[in-house]
Amino acid sequence: MSTLVSYKNLAITLSGKLVLNIKHLDIPAHQCTLLTGQNGSGKTTLLKIMSGLLKPDSASINYQGLTLNWKQAKAYIQKDIIYLHQQPYLFDASVTDNIAYGLYRSGERKSNVHKKVTQALDWADLSHLAHRPAKQLSGGEKQRVALTRARILSPRLLLLDEPTASMDSTAKQQTAKLLQRLKDEGVTIMISSHEAHTVEHIADHHIHIEHGNALIRPPNSNNVTMINTAKKTS
């Protein structure tokens, strides 16, 4: 099992509180890691650090054979890692235009964009919504559009923050189906979720955040092994 990216001595304090102090964390390549923890445990904070959106107090990052601090790694991170918020932002445009946006920004030719978007819509079973205004979609449909928009950019790591929250059972199943497809394509995935039962069948690994520590759990198990130790705050 190869490792896509590793973090050492990752720490951050917010509003005077030590939120994360992770001594070592490996993200296995081409696999799915489930991330759990209570509200306020630091799950979203960790994902934002990993995606280059939030600067930690300290972190040593090993990526593509290079050992980098967070600032040095940021350029690599923002090119290869995509973070999707629980409520993904969609532009006031059609589903097609939303999915195409990132390709146009990267300089793709119009003919290539049209081909890739058509294939992506078919991949996500969204072809029937191609010309629908994205703002009019249901929550589940918006999440599937966001996943498709991320996939079309070929990320090496996709970070998902509560991707099935506030969905009905059908929408959860449809979203889980797309996540399985992404994993089958070799995309490395990390999913933060309070609804582990909806995605745990996809997960190869399970990390639980508790008191700033990263705890490793075997998938589908309540057994916990501490892999990092955080300093206690006063």
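What this report covers is the structure whose coordinates are included nearby. From a predicted model like this one, the values you see are computed outputs, not experimental measurements.

Cut-offs used in this document
- Residues numbered from 1 in each chain as written.
- Predicted model: local features only at pLDDT ≥ 70, side-chain atom pairs only at ≥ 80, totals over all residues.
- Heavy atoms only, no water.
- Helix = DSSP H or I, 4+ residues; strand = E, 2+ residues; numbered from the N terminus.
- Rg over C-alpha atoms; globule rule 2.2 N^0.38 Å.
- Buried < 20%, exposed > 50% of the residue type's maximum accessible area, 1.4 Å probe, protein only.
- Contact = heavy atoms within 4.5 Å.
- Areas by Shrake-Rupley, 256 points an atom, 1.4 Å probe, with all protein chains shown as cover.
- Lys, Arg positive; Asp, Glu negative; His and termini not counted.
- Charge placed at Lys NZ, Arg CZ, Asp CG, Glu CD.
- Pairing = 2+ DSSP bridges.
- Axes fitted to C-alpha atoms, helices over the stretch in contact; angles between N-to-C directions.
- Salt bridge = Lys/Arg side-chain N within 4 Å of Asp/Glu carboxyl O.

1. Quick word on the overall build of the protein chain
Next, step 1: What the protein chain contains, in helices and strands, is seven helices and 11 strands.
Next, step 2: For 234 residues, the compact-globule estimate of 2.2 N^0.38 gives 17 Å, and the C-alpha radius of gyration of the protein chain, at 18 Å, lies within 12% of that figure.
Next, step 3: Here the C-alpha coordinates of the protein chain stretch approximately 55 × 40 × 35 Å along the principal axes.
Next, step 4: Counting only residues that meet the buried cut, the protein chain has 51% of its 234 residues in that class.
Next, step 5: Within the protein chain, contacts between residues separated by at least 24 positions form 66% of all contacts whose residues are at least 6 apart in sequence.
Next, step 6: Counting only carbon and sulfur atoms, one obtains 47% of the accessible surface of the protein chain, whose full area is about 11,800 Å².
Next, step 7: Here the protein chain holds 28 positive side-chain charges and 18 negative ones, and the gap between their average locations is 7 Å.

2. Digging into the sheet that holds strand E4 (residues 58-63)
Next, step 1: Within the open sheet, the four strands sit side by side as E2-E1-E4-E5. Their pairing is antiparallel. A single partner strand is all that each edge strand has here, and the edge strands are strand E2 (17-28) and strand E5 (66-69). Averaged over all adjacent pairs, the angle separating strand axes in this sheet is 10 degrees, with direction ignored.
Next, step 2: As judged from the five bridges shared by strand E1 (residues 3-14) and E4, these two strands associate in the antiparallel manner. Bridge pairing in E4 places Ala-11 opposite Ser-58.

3. Brief notes about the pattern of salt bridges
If charged atoms from side chains of opposite charge come close, those side chains can pair.
Next, step 1: Taken as a whole and assessed by the stated rule, the structure comprises six salt bridges.
Next, step 2: The salt bridge involving Glu-108 is made with Lys-116; its shortest N-O contact spans 2.6 Å.
Next, step 3: Residue Lys-116 is classed as partly exposed on the basis of its relative accessible area of 32%.
Next, step 4: Between Arg-151 and Glu-185 there is a salt bridge, with the nearest N and O atoms lying 3.0 Å from each other. Of the two residues, Arg-151 is situated in helix H5 (residues 139-151) and Glu-185 in the loop between helix H6 (169-184) and strand E8 (188-192); the sequence distance between them amounts to 34 residues.

By themselves, these are just geometric observations and shouldn't be taken as functional.
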